[in-house]
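# Coordinate analysis (summary)
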Amino acid sequence: MSTTQSPHRIWNFSAGPSTIPLAVLTQLREDLIDLDGTGVGILEHSHRGATYDRLLAEAGRSCRALGEIPEEFEILFVSGGATNQFSLIPLNFLADGATADYPDTEVWSAKAIIEARDAVPSATIAVPFAGKEFGYDHVPEAGEMTPTPGAAYLHYCSNNTVHGTRFHNPPKAAPGVPLVCDASSEIFGRPMDWSKHALVYAAAQKHLGVAAMSLVIARREMINKPVRHLPSMFLYGAHAKYESRINTPPTFAIHTAGLMFRWMIQQGGVREFERRNDAKAALIYGIIDGSGGFYRGISRLACRSPINVSFRLPTEVLDQKFIGEAARAELDGLAGHRDAGGIRASMYNAMPHEGAEALASFMRDFIRRNG
Ligand SMILES: *Cc1c(COP(=O)(O)O)cnc(C)c1O
């Protein structure tokens, strides 16, 4: 099926959409024309047909196996990105006049706060940690956050994609308050403690393939008790009841996520990716820390993200030179987010160790020429 000539691929460190394994892309190319010998491509199959039934069931099973997701959690594929969930979560779980906790650890959690306030104007969105005061260089340490007793839930972002910080352990909500987690940039990059969570969601374009879809993993008891009446497309419970196909779902994105789950299982699963991600991160942080201050990490040591490594050079002119020369060396997507500046190397599950090594050797070479 595939051409014998290997395709031109460069190292893509983009924060998202981001690199997808060639094995998955090659499979998708075949499936576009003829899915599983049916003579019909994935884009053309009915979402009510037997082929799609099987594909959807397999995607759900692989997801559960990969993530070791307990049975009391529903696995949903919902159209729209993480930003859509920023609205749907308060609409489903935050009653009028109630309070939810939203520690602000960066751009994405800040956007979630704005959307929650717009979704339920009569509710209180409490911000028990305001990371902006610290330039978002860390997530709350023990004692740095005061959660609200009796809150409807606590929403947090486990891996902060822009500044490159991470919660090593989930934050402590007040007793009995459910934890809701935006894990967009790290889902299945390390094991998740499901016992501590009520709902975990992730936009698909970082670890699961196609943009404009989200994976939502939620306790049945939570989604079956929405706090208000809502149209069906806004109700997680309805997505569960109709098996993620209330209407025509994003079938291509769901199939791609299914292939990504299978690929991650074949590669050794979540613990193996945690090991690989830690090794890639150790390589790049090692160069930053050994550069005598030439490269400076943006996040505090204690909460560095192994997935999104952010750093600066001595001047913005050097930042730009670094990004330009890296692109010419086929290391792409290294410009930092506009809110953080500097350099950001996003090394998701699909970034092989060789990619991190290529970046490491470029960084060593760059400091020799400019340090
Ligand atoms: C990328 C990202 C988002 C935004 O996802 P969209 O699909 O563009 O809405 C939200 N949260 C985090 C943590 C992200 O990394």
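Residues numbered from 1 in each chain as written. Predicted model: local features only at pLDDT ≥ 70, side-chain atom pairs only at ≥ 80, totals over all residues. Heavy atoms only, no water.

### What about the side chain of His-47?
With respect to the helices and strands, the residue His-47 is situated in the loop between α1 (22-33) and α2 (50-67). On the basis of relative accessibility, which here comes to 15%, the residue His-47 falls in the buried class. Among the polar contacts listed, one links the side chain of His-47 to the side chain of Arg-48, at a separation of 3.4 Å. Once residues within four sequence positions are removed from consideration, His-47 is found in contact with Tyr-52, Arg-245, Asn-247, Thr-248, Pro-249 and Thr-251. (Helix = DSSP H or I, 4+ residues; strand = E, 2+ residues; numbered from the N terminus. Buried < 20%, exposed > 50% of the residue type's maximum accessible area, 1.4 Å probe, protein only. Polar contact = N/O pair within 3.5 Å; in protein donor to acceptor, adjacent residues only side chain to side chain. Contact = heavy atoms within 4.5 Å.)

### Comments concerning the nonpolar core
Counting 48 residues, the largest nonpolar core has Phe-77, Phe-188, Leu-208, Leu-215, Phe-261 and Met-264 as its most contacted members. Top contributing element to this core by residue count: helix α8 (residues 251-266), with eight residues. What Leu-215 contacts, discounting residues up to four positions off in sequence, is Cys-63, Ile-75, Leu-76, Phe-77, Phe-188, Val-200, Tyr-201, Ala-202, Leu-208 and Phe-261. Formed by 32 residues, the second largest nonpolar core is a distinct cluster that contains Leu-94, Ala-218, Met-222 and Ala-238. (Core = buried A, V, L, I, M, F, W, Y, C linked by side-chain atoms within 4.5 Å.)

### Thoughts on the domain arrangement of the protein chain
Looking at the protein chain, the domain boundaries give domain 1 (27-267) and domain 2 (270-370). The centre of domain 1, based on its C-alpha atoms, is set 27 Å off from the matching centre of domain 2. In this complex, domain 1 contributes 29 residues to the contact, which on the side of domain 2 involves 26 residues. When domain 1 packs against domain 2, the two sides together hide about 2400 Å² of surface, and 54% of this comes from carbon and sulfur. The tally of links between domain 1 and domain 2 comes to three salt bridges. (Domains from an automatic or database assignment. Buried area = accessible area lost by both parts, 1.4 Å probe. Salt bridge = Lys/Arg side-chain N within 4 Å of Asp/Glu carboxyl O.)

### A look at the site of the ligand
Close to the ligand lie 13 residues, the nearest being Thr-83, Thr-161, Asp-182, Gln-205 and Lys-206. Within the contact set of the ligand, an oxygen atom lies 2.6 Å away from a side-chain nitrogen or oxygen of Thr-83. A distance of 2.5 Å separates an oxygen atom of the ligand from a polar atom in the side chain of Thr-161. In isolation the ligand has 390 Å² of accessible area, and contact with the protein removes 88% of it. Secondary structure elements with two or more residues in the shell around the ligand: α3 (82-93) and α5 (204-207). Examining the composition of the shell around the ligand, we find that three residues originate from one element, α3, more than from any other. A class-by-class count of the residues in the shell around the ligand yields five nonpolar, six polar and two charged. (Near = heavy atom within 4 Å. Areas by Shrake-Rupley, 256 points an atom, 1.4 Å probe, with all protein chains shown as cover. Nonpolar A, V, L, I, M, F, W, Y, C, P; charged D, E, K, R; others polar.)

### What about the layout of surface pockets?
By volume, the largest pocket amounts to about 390 Å³. Arg-190, Pro-191, Met-192, Asp-193 and Val-270 are the residues nearest the centre of the largest pocket, which is lined by 27 residues in total. Where the lining of the largest pocket is concerned, the elements lending two or more residues are α2 and α9 (269-289). Per element, the largest residue contribution to the lining of the largest pocket is four residues, and it comes from α9. Counting contributing residues, the lining of the largest pocket receives three or more from each of domain 1 (27-267) and domain 2 (270-370). (1 Å grid on protein atoms, 1.4 Å probe; cavity = no way out; pocket = protein on both sides within 12 Å on 5 of 7 lines; lining within 4 Å. Points joined across faces, edges and corners; volume = space filled by probe spheres on them.)

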